[in-house]
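Observations on the model geometry
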Amino acid sequence: MLFLVAALLLLGVVLGTVAHAPLSFSLVAAAVIAVWLGIFALRERHGRRHHTSSH
């Protein structure tokens, strides 16, 4: 429960910061984060596909 409260508090702080930032900055930041997450997902998918497990 405490984790949920902390996560909601952090979300409120982040959304409050974005609300005061210029729209162009918010869009650029969102695009950078989206590209970073896309690259991470592709690397994870590629790593899991070619990983041979000996367990």
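Scroll up for the structure.
Residues numbered from 1 in each chain as written. Predicted model: local features only at pLDDT ≥ 70, side-chain atom pairs only at ≥ 80, totals over all residues. Heavy atoms only, no water.

Focus on the overall build of the protein chain
A count of helices and strands for the protein chain gives two helices and zero strands. Every one of the 55 residues in the protein chain was classed for burial, and the buried ones make up 2%. Summed over all atoms, the accessible surface of the protein chain reaches about 5400 Å², with 75% contributed by carbon and sulfur. (Helix = DSSP H or I, 4+ residues; strand = E, 2+ residues; numbered from the N terminus. Buried < 20%, exposed > 50% of the residue type's maximum accessible area, 1.4 Å probe, protein only. Areas by Shrake-Rupley, 256 points an atom, 1.4 Å probe, with all protein chains shown as cover.)

Some details on the side chain of Ser26
Looking at where Ser26 falls in the secondary structure, it is placed in helix α2 (residues 23-49). The class of Ser26 is buried, set by a relative accessible area of 18%.

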